[in-house]
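Examining the three-dimensional arrangement
For reference, the chains in residue letters:
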Amino acid sequence: MFGVPAAATLNVQQILDVLPPEYRSRIAESHPFRRSEFPGPVMRTEGRLIAAQGRMLDLEVHIRPIEWSDVPAMELRLHDVSDRKNLERDQALWHWEQEALREIDHQMVGVADIGKILDSTLRQAIILVRSQWAGVLRLSEGSEEASWWMVRSGSALIPERRFALEPACRTFLQHRGQAVLRDGVTEERAVVDCIPGLRDEGVATTVWSPLIVESQCVGALVVGYRHPVDVQARELRLMSSLAEKDSIAIMNARLYESVLARERELELLSAARGEAQEEERRRIAKQIHDGIGQMLTAIKFNLEILEDSVRVGSEDRERIAQMKTLLDDLMKEVQEMSHTLMPSVLDDFGLVPALQTLCEQFSRKVSVKAVFHNHGLTGRLTRSLEVALYRIAQEALSNVARHAAAADVTVQLIQGADRLRLVIEDNGCGISAEKRTGGLGFVSMRERASRFDGTLTVDSSLGRGTVVSVDIPMTGRGDR
Ligand SMILES: Nc1ncnc2c1ncn2[C@@H]1O[C@H](COP(=O)(O)OP(=O)(O)OP(=O)(O)O)[C@@H](O)[C@H]1O
Ligand SMILES: [Mg+2]
């Protein structure tokens, strides 16, 4: 078991070293053992010792007190359990690796920041393959350039500047697959030499694992050793797993970026559409007011002249009176239509008088009493913000009329130090949670608020009314 030719050549001290410390010291002091000192008939312990040719042995030791020529003595039975111990160690290592990989997976699910994910794979790479250096090399798309995306090392950090990559080197990285590059091999060293930084870091052996995104090599995960190393299959396997995770993270980051870009585009589009819609409304309102309104006034005027100048009977007079009443109603209707489309008071005098008028008209038309209060807003806001807040109030009031069954509604404008708030509060039936997502009203209110980085909140409980509030942050002079 020990690989020695004779018992006499055994290193007894070494064997004693596998005993628990308290026994070791007793033997060293040649202190006799007594059976009663033993915890049981046989004691079991484990230890390691180095056999011949430096072979490491894992031992299971059974210790039994005996009599040896009338002298208390100890019998040691040593079993070689190296195979079992090696398996246990492999298993523990595997669990440790899986735990590290799982931690990265966990991060990939919860974190959208690609930098954080790359950094954590670099950290794990250094620990798992016991390297001294790790980095992510990025190949620029459509150009001959490359750069270090992120690097972790004990010494100086390689700057994240771009550098030109020789075509041969680029081809090697893109097509070679996973590779171990050693200092001693000339052509391998040439690849390392054409990438700035590695030589300065004193890296002698590097392992390169390609990052593949949509079948394209976009870079490499690299770990470096400051001394020549015989890289094992286990290390290569781990590097592949880590590189795969980086590739997925890069792909996710790209998808996320494209979704964000699309969202920004949609926002711009919807803002432009909103502006165009308001402009259109303004134009139609003006045409109705100036065109149809003026014509109706002219018809009424001419009818009055006709009434005065022509002799008509009482029957016809009554008909003319009816026509005049109809014309009055029509004029009022046209005026209201034009006002709903784009109240001229909003353009001419601003949000405060426009909301005041809106509440007055609302109280007249609907059997809900609407009251307006302005707390501190003086002067004008930009036209687009005035229109947005007016439209939100209009939609909220229309909801009160249609759904709330309220007796009162209050509209308030509150100017704070760094924000403007519009609150519409009714004492109606309230909104149940499932109904809030039904229509387009809240969607469009929210969208209008978000165009000014504002937020819309709906606070409501059944039977206790609804409070719709819009908060708009005000930058600088508050006239955004
Ligand atoms: N003040 C309110 N009181 C009670 N319920 C309300 C109130 N405001 C909205 N609701 C409820 O919330 C739902 C969603 O409102 P929203 O304005 O988004 O859509 P809508 O008014 O149904 O339709 P749309 O506005 O698209 O014509 C309404 O259907 C209604 O049930
Ligand atoms: Mg609505």
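What you see is a predicted model; the values in this text were computed from it and never measured. (Residues numbered from 1 in each chain as written. Chains lettered and ligands numbered in written order. Predicted model: local features only at pLDDT ≥ 70, side-chain atom pairs only at ≥ 80, totals over all residues. Heavy atoms only, no water.)

**Things to note about the overall build of the chain**
- In terms of helices and strands, the chain carries 12 helices and 14 strands.
- Across the 480 residues in the chain, those meeting the buried criterion constitute 39%.
- Taking contacts inside the chain between residues at least 6 apart in sequence as the whole, the part at least 24 apart equals 58%.
- Surface summary for the chain: the accessible area is close to 27,900 Å², and the carbon and sulfur share equals 54%.
- Within the chain, the 70 negative side-chain charges are centred at a point lying 1 Å from the centre of the 60 positive side-chain charges. (Helix = DSSP H or I, 4+ residues; strand = E, 2+ residues; numbered from the N terminus. Buried < 20%, exposed > 50% of the residue type's maximum accessible area, 1.4 Å probe, protein only. Contact = heavy atoms within 4.5 Å. Areas by Shrake-Rupley, 256 points an atom, 1.4 Å probe, with all protein chains shown as cover. Lys, Arg positive; Asp, Glu negative; His and termini not counted. Charge placed at Lys NZ, Arg CZ, Asp CG, Glu CD.)

**Looking at the side chain of R448**
- Of note, R448 is situated in helix α12 (residues 441-450).
- Excluding residues that lie within four positions of it along the chain, R448 makes contacts with Q277, E278, R281, A388, R391 and I392.

**Things to note about the coordination of the magnesium ion (ligand 2)**
- Around the magnesium ion (ligand 2), the protein supplies E395 (OE) and N399 (OD1) as donor atoms, at distances of 2.1 Å. With a gap of 4 residues between them, E395 and N399 both fall in helix α11 (residues 383-404), about one helical turn apart.
- Owing to a relative accessible area of 15%, N399 belongs among the buried residues under this scheme. (Donors = N, O, S within 2.8 Å, 3.2 Å for Na, K, Ca; no water.)

**Focus on the nonpolar core**
- Core analysis: the largest hydrophobic core is formed by 44 residues, its most contacted members being L351, L355, L389 and L422.
- For this core, the element with the most residues is α11, which contributes 11 residues.
- Ignoring sequence-local partners within four residues, the contact set of L351 consists of L346, L377, L381, E386, L389, Y390 and L413.
- By size, the runner-up hydrophobic cluster in this structure holds 29 residues, among which are A100, L118, V213 and A243. (Core = buried A, V, L, I, M, F, W, Y, C linked by side-chain atoms within 4.5 Å.)

**Thoughts on the environment of A370**
- You can see A370 is positioned in strand β10 (residues 369-375).
- Residue classification places A370 among the buried residues on the basis of a relative accessible area of 11%.
- For A370 and T410, which are 40 residues apart along the polypeptide, the C-alpha to C-alpha distance reads 5.7 Å.

**Side note on α12**
- Here α12 has its buried residues at G441, F442, M445, R448 and A449. For α12, the buried positions fall inside an angular range of 130° around the axis, keeping them on one side.
- Buried residues belonging to α12 abut α7 (233-309), α11, β13 (455-460) and β14 (466-473). (Arc of directions from axis to C-beta.)

**Here we look at the site of ligand 1**
- Near ligand 1, the surroundings consist of 15 residues, among which N399, H403, D426, L440 and F442 are the closest.
- In this structure, an oxygen atom belonging to ligand 1 sits 3.2 Å away from a side-chain N or O atom of R402.
- One nitrogen or oxygen atom from the side chain of D426 is found 2.9 Å from a nitrogen atom belonging to ligand 1.
- Contact with the protein chains hides 83% of the accessible area of ligand 1, taken as 600 Å² for the molecule alone.
- For the shell around ligand 1, the elements supplying multiple residues, two or more each, are α11 and α12.
- With 5 residues, the top contributor of residues to the shell around ligand 1 is α11.
- When the residues that make up the shell around ligand 1 are grouped by side-chain class, the tally is 5 nonpolar, 6 polar and 4 charged. (Near = heavy atom within 4 Å. Polar contact = N/O pair within 3.5 Å; in protein donor to acceptor, adjacent residues only side chain to side chain. Nonpolar A, V, L, I, M, F, W, Y, C, P; charged D, E, K, R; others polar.)

**A word on the domain arrangement of the chain**
- When its domains are assigned, the chain resolves into domain 1 (7-80), domain 2 (110-259) and domain 3 (345-473).
- A C-alpha centroid distance of 56 Å is found between domain 2 and domain 3. (Domains from an automatic or database assignment.)

**Section: the environment of E97**
- Position of E97 relative to the elements: it lies in helix α3 (residues 82-110).
- Note: C-alpha distance between E97 and Y256 (159 residues apart in sequence) is 29 Å.
- When sequence neighbours within four positions are dropped, the list of residues in contact with E97 reads L128, R234, R237 and L238.

**Quick word on helix α4 (residues 114-128)**
- Taking 1.5 Å per residue, 15 residues should reach 21 Å; α4 reaches 21 Å between its end C-alpha atoms and fits that length.
- Among the residues making up α4, those that are buried are I114, G115, I117, L118, S120, T121, L122, Q124, A125 and L128.
- At its buried positions, α4 is contacted by α3, β4 (133-139), β5 (145-153), β9 (216-225) and α7.
- Near the N-terminus of α4, the side chain that reaches the backbone nitrogen of G115, with its oxygen 2.9 Å away, is that of D113.
- Two residues or fewer after α4 comes R130, characterised by a positive phi angle close to 55°. (Expected span 1.5 Å × (residues − 1).)

**As for the packing of α11 against α12**
- In the contact formed by α11 and α12, the axes pass within 10 Å of each other and the chain directions differ by 160°. Relative to α12, the element α11 is oriented roughly antiparallel. Note on packing geometry: the crossing formed by α11 with α12 is left-handed. Across from A388, R391, I392, E395, A396 and N399 in α11, the residues of α12 making contact are G441, F442, M445, R448 and A449.
- Residue composition of the contact of α11 with α12, grouped by class: 6 nonpolar, 2 polar and 3 charged. (Axes fitted to C-alpha atoms, helices over the stretch in contact; angles between N-to-C directions. Parallel < 35°, antiparallel > 145°, perpendicular 65-115°, else oblique. Left-handed = near helix turned anticlockwise from the far one by under 90°.)

**Observations concerning the environment of R189**
- As for its placement among the helices and strands, R189 is situated in helix α6 (residues 186-193).
- Taking the C-alpha atoms as reference points, R189 and R262, 73 residues apart in sequence, are found 44 Å from one another.
- When neighbours within four sequence positions are excluded, R189 is seen to be in contact with R182, D183 and R199.

**Focus on the sheet that holds β14**
- An order of β10-β11-β12-β14-β13 is seen for the 5 strands of this open sheet, with the pairing classed as mixed. The sheet is open, and its two edges are formed by β10 and β13, each paired on a single side. Averaged over all pairs of adjacent strands, the angle between strand axes in this sheet comes to 10°, irrespective of strand direction.
- As paired strands, β10 and strand β11 (residues 408-415) are joined by 7 bridges and run parallel to one another. Directly across from A370, in β11, lies its bridge partner V409.
- Where helix α10 (residues 351-365) meets the sheet, its contacts fall on β10, β11 and β12 (419-426), and the angle it forms with β10 comes to roughly 165°.
- Lying on the sheet, α12 is in contact with β13 and β14; it crosses β13 at an angle near 140°. (Pairing = 2+ DSSP bridges.)

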